[in-house]
Amino acid sequence: MGFFLVLKAEVKRTMIISRRYWFATLTALFVACIMFTFFFYGFFAGLGAGMAGVAIDKALGLIIGIFAFSMVGMFSSGLAGMARSGELEQVYMSPHGLITNFMARSTVSTILSIVTWTVILSFMSASLQRADKNAVPADPQTVQAATIDNSGAAPAKEMDAPSTAGTGKLHADPLPVSVLFLLTYFSMTGFGFMIGGLVLVFKQVGQIAVLLRFAMMAIAWTASDALYDHHIVLQALAHTIPVTDAAICLKLVLLKGIGNDVFTHKSFFFLILNVAVWTPIGLAIFKSMENWARSKGTLGAF
């Protein structure tokens, strides 16, 4: 019950801020749409026809990476900022505690991020597909130079596109998309709670978390079915990072349009395993570190 009370308060606070600063919100959204579209168009224009599929694949990977970056950041840098301002101790002394408050804040932040990035990605998809229709196939040397990991493709069959890349069209299947977003949220929240709990006691972990956040962004950018072609040790390491299987599954559903077939994909089962492992571990570590910091009197000391 306490979670829903805090959630209601967070939703109201977010709506008030968005309504009061509606022009700034719309301007930021418009600028983000234009900036991302031109960035990816300029980066992958050398691919000629077939550019939209590769560009949207990379854009979706980057967006998932940014989502993971911000989620973990809320539990690391966010905790440090709240401690410096004195807000952390106030939240701790509230009737609902730190875990409930952070769960509510992360829920609202996640929903807002999903809505925002959906608008941006939809705008990019429509724009790049239109540009793709008027494009001509590029020669193989141009294709190889234009792609980051040499996995991009022109339809001339000299090279293969990423296994998760489609035509640039988004497939919004409600059930698999909703399930994947929910599982991604819980896996990232559990991972974030683990990092946040360590930050409460070991203050320098926050700096290590920054490197980890950038690594997760890079993994989401490159994640694809090609992972299963690598050595089993590399596969195991990749599966331990919660963003890996989330990115693969979301790309397969949103870009390839496999729909409910994602529920039988190997990455989906690894995503469920990530939720089952990281959520209880994260909550347990956060609670134990919270009690330790409170007993030492260093909860708000940074």
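Below you will find a few notes about this structure. (Residues numbered from 1 in each chain as written. Predicted model: local features only at pLDDT ≥ 70, side-chain atom pairs only at ≥ 80, totals over all residues. Heavy atoms only, no water.)

Turning to the overall build of the protein chain, a few remarks are in order. Helix and strand content of the protein chain: 11 helices and zero strands. Mapped from its N terminus to its C terminus, the protein chain presents α and β elements in the order α-α-α-α-α-α-α-α-α-α-α. In the protein chain, which comprises 302 residues, the share counted as buried stands at 47%. With an accessible surface of roughly 14900 Å², the protein chain has 69% of that area assigned to carbon and sulfur atoms. (Helix = DSSP H or I, 4+ residues; strand = E, 2+ residues; numbered from the N terminus. Buried < 20%, exposed > 50% of the residue type's maximum accessible area, 1.4 Å probe, protein only. Areas by Shrake-Rupley, 256 points an atom, 1.4 Å probe, with all protein chains shown as cover.)

Going through the model one piece at a time under the given rule, you end up with 12 aromatic pairs. Taken together, a centroid distance of 5.4 Å and an interplanar angle of 75 degrees make the contact between Phe3 and Phe4 edge-to-face. For Phe3, a relative accessible area of 24% translates into the label partly exposed. Among the aromatic residues, ring-to-ring pairing joins Phe75, Phe102, Phe193 and Phe286 into one connected group. Its guanidinium or amino end placed over the ring of Phe69, Arg213 lies 4.0 Å from that ring's centre, counting from NZ or CZ. (Phe/Tyr/Trp six-rings, centres within 6.5 Å; stacked < 30°, edge-to-face > 60°. Lys NZ or Arg CZ within 6 Å of the ring centre and 35° of its normal.)

Between helix α10 (residues 242–254) and helix α11 (residues 266–296), the shortest axis-to-axis distance is 9 Å and the interhelical angle comes to 145 degrees. Regarding α10 and α11, the two cross each other, and that crossing is left-handed. Touching Pro242, Asp245, Ala246, Ile248 and Cys249 of α10 are Ser267, Phe268, Phe270, Leu271, Asn274 and Trp278, all from α11. In terms of residue class, the contact of α10 with α11 is built from eight nonpolar, two polar and one charged. (Axes fitted to C-alpha atoms, helices over the stretch in contact; angles between N-to-C directions. Left-handed = near helix turned anticlockwise from the far one by under 90°. Contact = heavy atoms within 4.5 Å. Nonpolar A, V, L, I, M, F, W, Y, C, P; charged D, E, K, R; others polar.)

With 13 residues, α10 should cover 18 Å at 1.5 Å per step; its first-to-last C-alpha distance of 19 Å lies within 8% of that length. Where burial is concerned, most of α10 is hidden: 13 out of the 13 residues are buried. (Expected span 1.5 Å × (residues − 1).)

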